[in-house]
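# Examining the three-dimensional arrangement
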Amino acid sequence: MTKSIYLALDFPTWKEAGRFLEENDLHGVPVKVGMELYYREGPQIIDKLKENNHKVFLDLKLHDIPTTVMRAMKVLSSLEVDLVNVHALGGSEMIQRAKDGLINGNPNFDTKLIAVTVLTSMEQRVLNEELGISGNLLNVAVGFSSFAKKSGADGVVCSVHEANQIKTECGRDFITVTPGIRLIDSDVNDQKRVASPGFARNNGADYLVIGRSITKAKNPRIAYEQAIAEWEESTCK
Ligand code: C5P
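Note that the structure is predicted; figures quoted are calculated from it, not measured.

This brings us to the overall build of the chain. Looking only at helices and strands, one finds 11 helices and 8 strands in the chain. Relative to the globule expectation of 18 Å for 237 residues, the C-alpha radius of gyration of the chain, 17 Å, shows essentially globular dimensions. Overall, the chain is about 45 × 35 × 35 Å in size when its C-alpha atoms are taken along their principal axes. Each of the 237 residues in the chain was classed as buried or not, and the buried ones make up 54%. Across the chain, the fraction of contacts at a sequence separation of at least 24, relative to all contacts at a separation of at least 6, is 68%. Surface summary for the chain: the accessible area is close to 11000 Å², and the carbon and sulfur share equals 48%.

Structure, rendered in structure tokens:
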């Protein structure tokens, strides 16, 4: 089983998430826990998943004043998840303090700090006209990655269309996590900048996050296997 594909557990309760994993024989696959499930179930959900041998990406996308984020990260560090994230839009000081919180909160565990660059649901027009951030999406994502790295982030969440350029700018060891993945025949839904697992790997993605292409598939287990096959057949790495 590849450790590079995080299944987005976008379910309202542990009962539903746990049943989904059980019924589809997805024991021990890496999972992403987002706001919906975490806000409902709290830290116990992380313990349960870890007891069942799942690697965990805790996707809470923190974005607040630096001290608040540092203190929150200190708390989250005790959960010993593999990845946690903040919004790069919080700026370099916030990212630095997030890292401080993780390290000081739990010096014995290396949770990776990931900064969200530009959401994969975001379009060029919204970035420029609504948020007032000039430049094209690619350059903005690369720029955010660059200051996130200098501020101590271990990697970024970005779209597959930006991963390669980010690797060139920030180095091959800088982690790229890419959502917005769609298997052949699945719906795009609200995502705008999507691509297949194979394309993602060839374009510099280290980890994929896949939700609805698997959770809403007629046969989620087969969809998960299809994602792994596409990832492993790609030529990179
Ligand atoms: O269902 P789908 O594959 O689109 O799910 C993508 C998951 O990745 C969702 O849980 C979403 O919150 C998350 N995500 C994202 N874009 C980011 C960061 C996280 O879509 N930039």
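Judged by nonpolar contacts, the single largest core of 67 residues is most densely connected at Leu58, Met73 and Val86. Residue contributions to this core peak at 6 residues, all from helix 7 (residues 137–150). In this structure, Met73 is in contact with Leu62, Val84, Asn85, Val86, Ala98, Gly101, Leu102 and Leu113, ignoring residues within four places of it in sequence.

By the element assignment, Lys3 lies in the segment before strand 1 (5–8). Lys3 gets classed as partly exposed once you look at its relative accessible area, which sits at 42%. Separated by 226 residues in sequence, Lys3 and Ala229 place their C-alpha atoms 13 Å apart. Dropping the residues within four chain positions of it, Lys3 is found in contact with Gly28, Pro30, Lys55 and Tyr207.

Burial within strand 3 (residues 56–62) is extensive, with 6 of its 7 residues counted as buried. Summarising the sheet, strand 2 (residues 31–34) and strand 3 pair through 4 bridges and their orientation is parallel. When the sheet's bridge partners are listed, Val33 is paired in strand 3 with Leu58. Where strand 3 and strand 4 (residues 83–87) come together, 3 bridges link them in parallel fashion.

So, about the environment of Val75. With respect to the helices and strands, the residue Val75 is situated in helix 4 (residues 66–77). Accessibility expressed as a relative area gives 57% for Val75, which makes it exposed. The spatial distance from the C-alpha of Val75 to the C-alpha of Ala88 is 20 Å, given a sequence separation of 13 residues.

On to the site of the ligand, then. Around the ligand sit 16 residues, and of these Asp10, Lys32, Arg182, Gly211 and Arg212 come closest. Asp10 places a side-chain nitrogen or oxygen 2.7 Å from an oxygen atom of the ligand. Thr120 has a polar side-chain atom sitting 3.0 Å from a nitrogen atom of the ligand. Protein contacts shield 88% of the accessible area of the ligand, which totals 470 Å² for the unbound molecule. If you map the ligand onto the pockets, it falls in the largest pocket. Of all elements in the fold, only strand 3 and strand 8 (207–210) reach the threshold of two or more residues within the shell around the ligand. Of the residues that constitute the shell around the ligand, the class distribution is 7 nonpolar, 3 polar and 6 charged.

The rules behind each value
Residues numbered from 1 in each chain as written. Predicted model: local features only at pLDDT ≥ 70, side-chain atom pairs only at ≥ 80, totals over all residues. Heavy atoms only, no water. Helix = DSSP H or I, 4+ residues; strand = E, 2+ residues; numbered from the N terminus. Rg over C-alpha atoms; globule rule 2.2 N^0.38 Å. Buried < 20%, exposed > 50% of the residue type's maximum accessible area, 1.4 Å probe, protein only. Contact = heavy atoms within 4.5 Å. Areas by Shrake-Rupley, 256 points an atom, 1.4 Å probe, with all protein chains shown as cover. Core = buried A, V, L, I, M, F, W, Y, C linked by side-chain atoms within 4.5 Å. Pairing = 2+ DSSP bridges. Near = heavy atom within 4 Å. Polar contact = N/O pair within 3.5 Å; in protein donor to acceptor, adjacent residues only side chain to side chain. 1 Å grid on protein atoms, 1.4 Å probe; cavity = no way out; pocket = protein on both sides within 12 Å on 5 of 7 lines; lining within 4 Å. Sits in = over half its atoms within 2 Å of the grid points. Nonpolar A, V, L, I, M, F, W, Y, C, P; charged D, E, K, R; others polar.

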